[in-house]
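# Chain and residue survey
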Amino acid sequence: MKQTKPSMHLSKQVIIGIQFLFVAFGATVLVPLLVGIDPSIALFSAGVGTLIFHLITKGKVPVFLGSSFAFIAPIVEATKLFGLPGTLSGLIAVGIVYITVSALIKARGLGFIERLFPSVVVGPVIMVIGLSLASVGVDMAKTDWLIAVVSLLTAIVVVIYTKGLIKLIPIFLGIVAGYVLSLILGKVDFTPIKEAAWFALPPFTMPEWSWKAIVYMIPVAIAPLIEHVGDMYAIGAVADKNYVKDPGLHRTMLGDGIATSFAALIGSVPNTTYSEVTGAISLTKITDPKILRISAITAICFSLIGKISGLLKSIPQAVLGGIMLLLFGMIASVGIRTLIDSKADLTKTRNQVIVSVILTVGIGGAVIDFGNFSLAGIGLASLVGVVLNLILPEKSKPVHIEDEH
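Notes on the structure follow. Everything numeric in this text was worked out from a predicted model, so none of it was measured. (Residues numbered from 1 in each chain as written. Predicted model: local features only at pLDDT ≥ 70, side-chain atom pairs only at ≥ 80, totals over all residues. Heavy atoms only, no water.)

When you go through the protein residue by residue, the secondary structure sums to 18 helices and 4 strands. Taking 2.2 N^0.38 as the reference for a compact globule, 405 residues should give roughly 22 Å; the C-alpha atoms of the protein span a radius of gyration of 20 Å, in line with that estimate. On the principal axes, the C-alpha backbone points of the protein span a range of 60 × 50 × 45 Å. Relative to its full complement of 405 residues, the protein shows a buried share of 56%. Long-range contacts, defined here as pairs at least 24 residues apart, represent 85% of the contacts in the protein between residues at least 6 apart. Accessible surface for the protein amounts to roughly 17,000 Å². Of this, 67% is attributable to carbon and sulfur atoms. Between the mean site of the 29 positive side-chain charges and the mean site of the 22 negative ones, the protein shows a separation of 7 Å. (Helix = DSSP H or I, 4+ residues; strand = E, 2+ residues; numbered from the N terminus. Rg over C-alpha atoms; globule rule 2.2 N^0.38 Å. Buried < 20%, exposed > 50% of the residue type's maximum accessible area, 1.4 Å probe, protein only. Contact = heavy atoms within 4.5 Å. Areas by Shrake-Rupley, 256 points an atom, 1.4 Å probe, with all protein chains shown as cover. Lys, Arg positive; Asp, Glu negative; His and termini not counted. Charge placed at Lys NZ, Arg CZ, Asp CG, Glu CD.)

It is worth spelling out the packing of aromatic side chains at this point. Tallying each qualifying case throughout the model produces 3 aromatic pairs. Ring centres of F82 and Y216 lie 5.9 Å apart, and the angle between their planes is 70°; this geometry places the pair in the edge-to-face category. Taken as a pair, F82 in helix α3 (residues 72–108) and Y216 in helix α10 (residues 211–217) lie far apart in primary sequence, 134 residues in all. With 5.2 Å between their ring centres and 90° between their planes, W209 and W211 make a pair best called edge-to-face. (Phe/Tyr/Trp six-rings, centres within 6.5 Å; stacked < 30°, edge-to-face > 60°.)

Along the chain, F199 falls in the loop between α9 (191–195) and α10. Classification of F199 by relative accessible area gives exposed; the value is 67%. For the pair F199 and Q352, spaced 153 residues apart in the sequence, the C-alpha separation amounts to 54 Å. If we ignore the near neighbours within four places in the chain, the residues touching F199 are L304, I305 and G306.

What follows is about α3. Residues separated by three or four positions in an α-helix point in the same direction, a consequence of the helix having 3.6 residues per turn. Over its 37 residues, α3 runs only 31 Å from end to end, short of the ideal 54 Å by more than 12%, given 1.5 Å per residue. The principal kink in α3, of about 115°, is found at F82, preceding the proline P85 by one to four residues. Of the residues flanking the end of α3, it is G109, one or two places downstream, whose phi is positive at about 85°. (Expected span 1.5 Å × (residues − 1). Bend = angle between axes of the 7 residues up to and from the residue.)

This paragraph deals with the nonpolar core. In this structure, L30, F69, F71 and I72 are the most contacted members of the largest nonpolar core, which totals 118 residues. It is α3 that provides the largest number of residues to this core, a total of 14 residues. Those residues in contact with I72, other than ones at most four positions away along the chain, are V31, L34, V35, L133, L327 and F328. (Core = buried A, V, L, I, M, F, W, Y, C linked by side-chain atoms within 4.5 Å.)

With respect to the helices and strands, N389 occurs in helix α18 (residues 377–391). When its relative accessible area of 8% is taken as the criterion, N389 is described as buried. Contacts of N389, omitting those with residues within four sequence positions, involve R115, L116, P118, V121, R350, I354 and S396.

Tracing the sequence through the fold places I105 in helix α3. Note on I105: relative accessible area 9%, which makes it buried. Counting along the chain gives 148 residues from I105 to M253, while the straight-line C-alpha distance between them is 9.0 Å. With residues up to four places along the chain from it excluded, the contact list for I105 reads L110, F112, I113, L249, H250 and M253.

With that settled, the discussion passes to the pattern of salt bridges. Summed over the entire model, instances satisfying the criterion amount to 6 salt bridges. The partner of D139 in a salt bridge is K142, with the nearest N and O atoms 3.3 Å apart. The exposure class of D139 is partly exposed, given its relative accessible area of 40%. (Salt bridge = Lys/Arg side-chain N within 4 Å of Asp/Glu carboxyl O.)

With that out of the way, let us pick up the packing of helix α5 (residues 119–131) against α18. In contact at an axis separation of 10 Å, α5 and α18 are set at 170° when each is read in the N-to-C sense. The angle between α5 and α18 places the two elements in the roughly antiparallel class. Once α5 is placed against α18, the crossing between them reads as right-handed. Of the residues in α18, those in contact with V121, V125, V128 and I129 of α5 are I378, S382, G385, V386 and N389. Residue classes in the contact of α5 with α18 are distributed as 6 nonpolar, 3 polar and no charged. (Axes fitted to C-alpha atoms, helices over the stretch in contact; angles between N-to-C directions. Parallel < 35°, antiparallel > 145°, perpendicular 65-115°, else oblique. Left-handed = near helix turned anticlockwise from the far one by under 90°. Nonpolar A, V, L, I, M, F, W, Y, C, P; charged D, E, K, R; others polar.)

With that out of the way, let us pick up the side chain of S261. Its place among the elements puts S261 in helix α12 (residues 244–265). We classify S261 as buried; its relative accessible area is 9%. At a separation of 3.0 Å, a polar atom in the side chain of S261 contacts the main-chain carbonyl oxygen of I92. When residues no more than four places from it in sequence are discounted, the contact partners of S261 are I92, G95 and I96. (Polar contact = N/O pair within 3.5 Å; in protein donor to acceptor, adjacent residues only side chain to side chain.)

It is worth stressing that arrangement in space is one thing and function is another; only the former is reported here.
Spelled out as structure tokens, the structure:
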């Protein structure tokens, strides 16, 4: 195990911290761009959220919290139904779910999570998250297929054929390549850059209470909850420490939950621990949590530079569409891999039923109305999967979690 040496100069720590931020930068700003939120607020909430996480986990865990992909589809749909302020109240509730699960983990351990969310529930739910916005990605890409394909191919080449830190930033480089081509073709609107101030506070949005949005959003928390557990095992394997025991999974889940609720309180997207940064830590062998706190402070500084936000807003839709074609397919493939790695027995009729119903309900656009509430999409699919798993005979295998890097 190699730790950052105490004698490392502050200047070198800052450079490494900024480097880690750029590993997470593309994905962190992509989420708000896709859901129609100013990217500067996401950078601000990612930075503050990371610092909150480090405070709650006693500064022991080297992670960076960035925008969560799992919530792109539900935020887009919920915003159409309830507006952004109402949707934010649902996202605050998601953070409260994490906090509640944190208390349950401290009291009862991980067993109850395995019983409620086995692989045949988590796998297809993740697939639904990835596939439910496939048509949106295509619609954005077809505004200019040449630009979209160049963005897509760049990201694919980076993730398949490169090595080292470059391999960890396919989204960032895909966006850069697409943007450069857009500049050459004269497809970039510079108005957002011209109108942006050099220094400005991010545009905060206050949430509005909406029971419908809360009921809609809470079930979406299932997949990120499981993902969080996997991330803690992964970063622990990289740093050669057991963070599940010290500072404890209940503390890391609590940190994630409070950071997510804070983000929603100011009008941003939910946070999650970034596996890209875990990969960067694995490559550099630098596991000092202080470096990630430098990344967080840098993210906050970037969020206050209005021209950066203007630049991000000027990215053409086709560039984002090309990245989405890969991104959402990759999320779906993670769901498939969850089933494979967990050795879920799909020859069993019960498992086939659970997977099938989750997929058809989630992708088919099913909606259930009861009184003033409605449940649809990923949330409904998740809830149906949990209920079917509990009431059907026999048991399914738990999610297999291993270090991806």
